[in-house]
Structure formats: structure tokens, C-alpha cells
Amino acid sequence: MAAAAKWAEGIFSREGVRFTLGGEPTYVPVHPEGPEWSFSAVGPTKLSYARRMAEKLFASRMAGGAVFFSPGKQYPGEVNPRWALRMIARRDGRKLFRGVSGKKRTEPAQCAVFLDTVLAKLEVTARWLAFSDSRTPPVKAWVLPLDHEGEGWITVNWKLKRAQCVLNKAEGPAGLRLPLNLVPEGLPKRALVAELDTDGRLCIFFPPLLQEPFAELLAAVGEGLRAARIGLYELQGYVPQDTAGIWTAVGLAADPGVLEINVPACTSWHDYDEWITLLTACAESVGLRSWKETPGDYPGGTGGGNHLLWGGPSLDENPFFTRPAWLASILRYWQHHPSLAYLFTGTYVGASSQAPRPDESAKDLFDIEMGYHFVENLPAGDHRGLINETLRHLHTDVTGNAHRSEASFDKFWNVGWPGGMLGLVEFRAVESLPRADWMSAVMLLWTCLAALNLKTPLRESLVAYGGQLHDRYFLPSGLWEDLEEVFADLEGAGCPIPRDIFRAIWEWRFPKVLAYADGEATLDVRRAHESWPLLSETPVEGGSTSRFVDTSMHRLEFSANEAFAKTCDVIVQGRILRLTPSGDGLALAGLRYRRSALYPCLHPGIEPHLPLEVAIVRKGARQVEAGYSMGAGQTEFERTSSLVLSAGSKRCRPIFKGALTHDLRLD
């Protein structure tokens, strides 16, 4: 892996390209319980896991830093913003923040010392406004209207009456509950807020500031805590972007069903490898892991993804702004190789997934081709806006959501929202894996392919797969065959990328559920991909509507060698399953079957095909050589001797003429 990384870095160096690698691995408890670990973003235990993990990071690469409880994402239908813990530390190893450690309750007298010390350190002549909290009357809060004009701190008199100094009844930190609507027009509405909560913890909320004044305020707060000997405290509020390039930033965010970690922007694959190894170790030390094992189901990723991000060391040095042909070549290459979309992702694939390919999102291939052709023929210069406007409408899901795409550009140069102008390309068809080195290997593959497309741009037309995309490339053998072509491209260019680690990922991702061997004849049955359709809106409790995904259908791959294909037949549910020679010494068939029938679902009148019964017979004979059955709640076939075949068995019907995949729902 190190040799492959060195090969890629050599190409970037020769071409004068500097770009960063980032990621968003996700983690869940060993025994995930409750909505917060299945579909809800927040819940009673997730924040405590995040705080314990932050403590582990402070003992390693984030030593001498600070962590802030901050407002996170908020989506339609969510009453309050989600939370995020934002950790910052200096890259040079020097202390960024010096507080006091301890768990003793903070007393009001200590708060007075803290407040006075902060005023003295900021050298401002102002007074803290005393606020009350109608939700929890014992809570005390102090508010200091505070802003920075570029050269120094400014404070103003908000001219609020005593009866107006009351926090509103919303949930969240006091700094987000100020009655700013009562502050006279024209006055700055930023403030530093200190709150002594019912647990005896002093919470200090920072207003939005640029990096330099933020660091100055952080130092003043640290001095105030030390002067007052306050060890039980929490920093809250807004953390600015690292415009000076001196911080390392890590985010721990509440996301539906998972704890998401935002990896710092790494300047090399080696740095990314160290981070993903450290984060996974810290997660495991607090009882989290990067995969799930659900009773009655196959092991899998967390369901929250492990999205990979490319960007620049700064916006001025972002290589994707000035090398549009390189970016178009990358997108073409990904379209040519379905294994990059389907092999490393989770169980949700296809048009209704969180990361559909552009050619499965109801986009005309002609329009995608036209967009890539336009981008790769742009003249020299910075074309960030035009690149963004050309690509972001092509890379969406079926509803037009630019975030839900295999290669997402919603954070590239989208001027419609502040977080959209980061110069990032996000690859979302990547799931968390049970080992850190596996996750690191996927980033290595992505990095080497970036180098390959920089060295040898791809200009070939996009491939019109038609039904083959969800037929052949939903099967494990089809995906591995395609990935072998990717390996061949890299090796042909001189990249010594290892295969073994990717084969191990493939084996785990598509577990073997049946293995038959009789002499030289062998048959393997593996789990395969299935595209789960999005259903119509369904009323739910509370008067709103929700859209469900029908997960009732599953797919298996039957893979036989030549000796088996010549001498044996496979019969499923009393029907002959035709095995098609694939050209590489194997005969393949895909099989769709109904595993459940939960409400709501497509075709509710069709019963599940369980127990699923597979018989192996000699060609021309009716005697069962071996019988297998898999019932509800089982993930592997078990040997059985009770199968009886009827005369004149029908054949399983393919999903279209010439398809490898058959569907038991078709008579």
C-alpha cells in the first residue's frame, strides 16, 4: 500500500498538484439500541459517546486543543438543530487552550471571578447582563454583548429592561436562546454568554468570529477559568474556519443512526491512514465500532456511510478549479466502472439510494456526456462557478437533491449557501467497513485513480449499460471482474496496488451463504445487491407523511465452475435456474426472491419465498444430490433431506431477455 501511495504522490508532484483527502467515517455501539442508533439523529446516549471519544483524541493528536458543543445540521421537519462537537488543536503541537481539569461543581462566587477576569483580559469597559431562564429558574446566565471590528473588541449597551433579560423557551445552549428580536436595530447582536447549569457546569458560548479574534477570546476564557479554578465547564458556540492553516479540526456530529466523524483535511494518503486508524481505535476504546451485526441479518456497515472528500489546501490552490479536464476524466472513469459505485457501498444501491450514479437518476446519458465534454474543453483558468453549475444538476438523485449523488458537488462552489463554497468533491457510494486498514485501502484506491486520470486522461464516451447495470453489476462476480480491469489499468501505468485487501473486502461484503462441492464440481451462492424502490408518501403519526423504501426483495448469485455446469442443474422452489457461462470459466445466475412483506411494500399480495429451497440434481435425472433450505431469520442455507421434486419443473424467468438475473415473482 505504501508503494502504491508513493507512485501516486510522484505523479502529483510532477504535475504540480496539491489536493487534500478527507472523510466522514461513522460508528455505532456494539449493541445499538433506540431510535438514535437506527433512524434518529439525536438521543440519550450518543452525546456521551462523542464526549468520551473526544477525551481519547485529546490524549493523542488533539492534545492541547479545545472542544466546542456547537449547533449542527438542521433539516426540514426537525425542530432543533442537531449538535456537533468541534475539536481544534494547533498543528505545530503548541497548546491552543489551557483550562483546568476537574469535576467539582462550579459555585456562583467562582463565576464572578471568571466574569471579571474575562473583562480584564479583553480590556473592555462593559458589564455583563444578568439573564434568567423561565424553563429552569435556578439557572443563571450572564451575557456580554461583544464583537470585533478588526482592530479591537467593541461592546454596546443593548438597552434591555430587566424584564426582557430572559432566555427564550427553546431547547439548546443559552447562546442560542437570547431575545435578539428585542435588541434595538443597528446594534451588534453578537454576545459572549456564560451559563451555570443545574449540574454545576459553567457553559461558555462563543459568538461567530473570525479566526484571530476567536483565538484571542479563547485564550481570555482559559485565563478566566484558571483564575476562578473552574474545572467543570463546557465550551459552546461557533468555531471559525482555519483560514490561517494552523489548526487541525475534527468534528463529531449527530447523524441519523450513527455518530459521524469529520476527518481533518489530510495532505497525503499516509496522513489519512494514520487518522482513520486512530479514530477507529478511539471509537473501539469507548464501545463503538464501524459496522453492525443485526440478529437475523447479514453483517454490514453502520448505514451512515464513510464518504470520501477531495479538496484543495486552500481555495486559491484548489486544483479542481483550474483543471476541469482532470475532473471530467475522473467522472468518466467512475461511470465506466460500476465496481467503484457498488463494491464499497452499503446495502442501499440504485436510483433510490443515498448515492446513485448519474446514469441511474433519470438523467439522459446524452446530457451527462454533453456536460462532461463541455467541462473537459474549458480553456485555461479558474472555472469553479461554471464547473459547479454544469455538474451539480447532473449529479443528483431522482428528486434533484445534489447532496445524494455518487459524486456530489453540493459543496464544490454552490453560492446558494455558506457551506457550499468549500471546493469539495464528495464520493458518497462508500460505506464504513469493520477494519481501519480496509477503509484506508479504499481511499488509497481513490487516490491512485486520481493520479491515473491525471497522468492518462480518459476521453472515451460514456457507456450505455441499459439493464446490464443492475443485472450483471449487482452480482459479486461482475463487480470483481470490473475491479480487475481497474487493477489492470493501474498496474499498466506502473502502480503496484495490492489485490488481497480488496478481495477480503469483497468476501465480507458479499458473504457466501451456500457452498457445494462434489469432486471437481463446485457451486457457491453469495449474497448480491438489490435495488430497493422508494414508495409513495405514507401518513404517519402526528399528521405528517413519510416515504419508505421497500426492502423486501433480496438477490443471490449462483456461481458454478465448468465441471458443475456440465453435470448438474440447480432447482429453486421447484424451478430450474439457468446458469449462463460468463467467459471466465464460471457459469452465473442471479436470483431475486422475496424475503419479507412488511407494510408498506410493492406487490403486497405476493408472499415471501421462504423457506427458500435449493436442490442440486444430475442433468437428466430427478434424484436430488443435495438439498438446502433457508428460512426466515436465517442468513445461510442449511442441508436438508426433505426436498421432493415434481415432474416437469418450470424454469425461473429472467428479468429481461438474456439477463443473468431471474425473479421468483415471475410465473
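This text follows the structure it describes.
Read on for a plain summary of the structure. On a predicted model such as this, the values are computed, not experimentally measured, just so you know. Positions within a chain are numbered from 1, following the residues in the order the chain's sequence is written. Where totals are concerned, whole chains, interfaces and linings use all residues; where local detail is concerned, this predicted model gives features only for residues with pLDDT of at least 70, and gives and counts side-chain atom pairs only at 80 or more. In computing side-chain values, all of the structure's heavy atoms are included and hydrogens and water are not.

### Observations regarding the overall build of the protein chain
Stage number 1. Assigned secondary structure in the protein chain consists of 14 helices and 31 strands.
Stage number 2. Its C-alpha atoms give the protein chain a radius of gyration of 29 Å, within 12% of the compact-globule value 26 Å for 667 residues.
Stage number 3. Its C-alpha atoms give the protein chain principal-axis dimensions of roughly 95 × 55 × 40 Å.
Stage number 4. Residues counted as buried form 53% of the 667 residues belonging to the protein chain.
Stage number 5. Any pair of residues with heavy atoms lying within 4.5 Å of one another is described as a contacting pair. Partitioning the contacts of the protein chain with sequence separation of at least 6, the portion at a separation of at least 24 is 69%.
Stage number 6. For the protein chain, the exposed area adds up to about 29300 Å²; of that, 51% sits on carbon and sulfur atoms. To qualify as a helix, a DSSP run of H or I must reach at least 4 residues; to qualify as a strand, a run of E must reach at least 2; elements of each kind are numbered from the N terminus. Computation of the radius of gyration draws on C-alpha atoms, with the globule rule given as 2.2 Å multiplied by the number of residues to the power 0.38. Using a 1.4 Å probe on the protein chains alone, a residue whose accessible area is under 20% of its type maximum counts as buried, one over 50% counts as exposed, and one in between counts as partly exposed. All accessible-area figures derive from a Shrake-Rupley calculation using a 1.4 Å probe, and residue coverage is judged against the displayed protein chains alone.

### A look at empty space enclosed by the protein
Take a probe with the size of a water molecule and roll it over the atoms, and the empty space left behind shows itself.
Stage number 1. Every definition here rests on a 1 Å grid over the protein atoms only: cavities are sets of points where a 1.4 Å probe fits but cannot get out, pockets are open sets enclosed by protein on both sides within 12 Å along at least five of seven lines, and lining residues have some atom within 4 Å of a point. Grid points are joined across faces, edges and corners, and a volume is the space filled by probe spheres set on the points. Enumeration according to the criterion identifies three cavities of 30 Å³ or more in this entry.
Stage number 2. By volume, the largest cavity amounts to about 80 Å³.
Stage number 3. Every residue lining the largest cavity is listed: Thr347, Arg509, Phe510, Arg527, Ala528, His529, Glu530, Trp532, Met553, His554 and Arg555.
Stage number 4. At the level of secondary structure, the elements contributing two or more residues to the lining of the largest cavity comprise β20 (521-528) and β23 (553-561).
Stage number 5. Counting residues per element, the lining of the largest cavity draws most heavily on β23, at three residues.
Stage number 6. Across the lining of the largest cavity, the residue classes tally to four nonpolar, three polar and four charged. Polar here means any residue outside two lists: the nonpolar Ala, Val, Leu, Ile, Met, Phe, Trp, Tyr, Cys and Pro, and the charged Asp, Glu, Lys and Arg; Gly therefore counts as polar.

### Things to note about the layout of surface pockets
Stage number 1. Volume-wise, the second largest pocket comes out at about 950 Å³.
Stage number 2. Around the second largest pocket sit 26 residues that line it, and Glu55, Phe58, Val67, Gly231 and Tyr233 are the ones nearest its centre.
Stage number 3. Secondary-structure elements contributing two or more residues to the lining of the second largest pocket are α2 (46-58), β3 (66-71) and β12 (233-237).
Stage number 4. Taken together, the residues of the lining of the second largest pocket break down into 12 nonpolar, six polar and eight charged.

### Examining the sheet that holds strand β18 (residues 425-427)
Stage number 1. Only strands that DSSP links by at least two bridges are regarded as paired with each other. Taken in spatial order, the four strands line up as β1-β16-β18-β17 in an open sheet, and their pairing is antiparallel. The open sheet has two edge strands, β1 (20-24) and β17 (407-408), and neither has a second partner.
Stage number 2. Here β17 pairs with β18 via two bridges, running antiparallel. Looking at β18, one finds that Ala407 is bridged to Phe427.

### Side note on the packing of helix α3 (residues 108-122) against helix α4 (residues 211-228)
Stage number 1. An axis is simply a line fitted to the C-alpha atoms; with a helix, the fit covers only the stretch in contact. Between two such axes, the angle follows the N-to-C directions and lies from 0 to 180 degrees. Where α3 contacts α4, the axes come no closer than 8 Å and their chain directions differ by 145°. When you trace α3 past α4, the crossing you get is right-handed. Taking contact as the criterion, the partners of Gln110, Val113, Phe114, Thr117, Val118, Lys121 and Leu122 in α3 are, on α4, Leu217, Ala220, Val221, Glu223, Gly224, Leu225, Ala227 and Ala228. Crossing handedness is read from the near helix: turned anticlockwise from the far helix by less than a right angle, it gives a left-handed crossing, and turned clockwise, a right-handed one.

### Some points on the sheet that holds β3
Stage number 1. Within the open sheet, the 12 strands sit side by side as β9-β5-β6-β10-β11-β12-β3-β4-β13-β14-β2-β15. Their pairing is mixed. The open sheet has two edge strands, β9 (166-167) and β15 (288-289), and neither has a second partner.
Stage number 2. The sheet contact formed by strand β13 (residues 247-255) and strand β14 (residues 258-262) spans five bridges and is antiparallel. Among the inter-strand pairings, Ala253 is bridged to a residue of β14, identified as Glu260.
Stage number 3. Seen against the sheet, helix α5 (residues 269-285) touches β2 (26-29), β13, β14 and β15 and runs at an angle of roughly 15° to β2.

### A word on α4
Stage number 1. Helix span, expected: 1.5 Å multiplied by one less than the number of residues in the helix. Here α4 is 18 residues long and its end C-alpha atoms lie 26 Å apart, about the 26 Å a rise of 1.5 Å per residue gives.
Stage number 2. Turning to α4, its buried residues are Gln211, Pro213, Phe214, Leu217, Leu218, Ala220, Val221, Gly222, Gly224, Leu225 and Ala228.
Stage number 3. Once α4 ends, the next one or two residues include Arg229, with phi positive near 55°.

### Here we look at the pattern of salt bridges
Stage number 1. Salt bridges are defined as contacts in which a side-chain nitrogen from Lys or Arg sits within 4 Å of a carboxyl oxygen from Asp or Glu. Summed over all chains, the structure comprises 36 salt bridges.
Stage number 2. With its nearest N and O atoms 2.3 Å apart, the salt bridge here joins Glu491 to Arg499.

### A short note on the pairing of strand β4 (residues 83-90)
Stage number 1. Counting buried positions along β4 gives seven out of eight residues, so the element sits mostly inside the fold.
Stage number 2. Relative to β4, β3 runs antiparallel, the two being bridged by six bridges. By the bridge assignment, Ser70 is partnered in β4 with Ala84.

### Considering the pairing of strand β6 (residues 140-145)
The side chains of a regular strand alternate, first on one face of the sheet and then on the other.
Stage number 1. Within β6, five of the six residues are buried, which leaves it mostly tucked inside the rest of the structure.
Stage number 2. Alignment of strand β5 (residues 129-133) against β6, held across four bridges, turns out to be antiparallel. Note that in β6 the partner of Phe131 across the bridge is Ala141.
Stage number 3. Here β5 hands over to β6 after six residues, the two strands then running antiparallel side by side.
Stage number 4. Looking at chain direction, β6 and strand β10 (residues 191-196) are connected through six bridges and run antiparallel. If you follow Val143 over to β10, its bridge partner there is Val193.

### Regarding helix α11 (residues 436-455)
Stage number 1. Taking 1.5 Å of rise per residue, the 20 residues of α11 would be expected to cover 28 Å, and the 29 Å separating its terminal C-alpha atoms lies within 8% of that figure.
Stage number 2. Burial analysis of α11 places 18 of its 20 residues in the buried class, which makes it a mostly covered element.

### Some thoughts on the packing of aromatic side chains
Stage number 1. Each Phe, Tyr or Trp ring, with Trp reduced to its six-membered ring, pairs with another whose centre is within 6.5 Å; inter-plane angles below 30 degrees give stacked pairs, above 60 give edge-to-face pairs, and intermediate values give tilted ones. Going through the model one piece at a time under the given rule, you end up with 33 aromatic pairs.
Stage number 2. Between Phe12 and Phe19, the aromatic rings sit 5.0 Å apart at their centres with planes inclined by 80°, giving edge-to-face as the arrangement. The pair formed by Phe12 and Phe19 is uniform in burial state, with each residue classed as buried.
Stage number 3. Taking the centre distance of 6.3 Å and the plane angle of 65° together, the rings of Trp438 and Trp508 count as edge-to-face. With Trp438 in helix α11 and Trp508 in helix α13 (residues 500-509), the pair connects residues that are 70 residues apart, well separated along the chain.

### Let's talk about unusual backbone geometry
Stage number 1. In this structure, the amide linkage connecting Tyr599 to the following residue, Pro600, adopts the cis form with an omega of -10°.
Stage number 2. Along the chain, Pro600 falls in the loop between β27 (586-594) and β28 (612-618).
Stage number 3. Its identity as a non-glycine residue notwithstanding, Lys159 has a phi of 60°, on the positive side.
Stage number 4. Along the polypeptide, Lys159 turns up in the loop between β8 (153-154) and β9.

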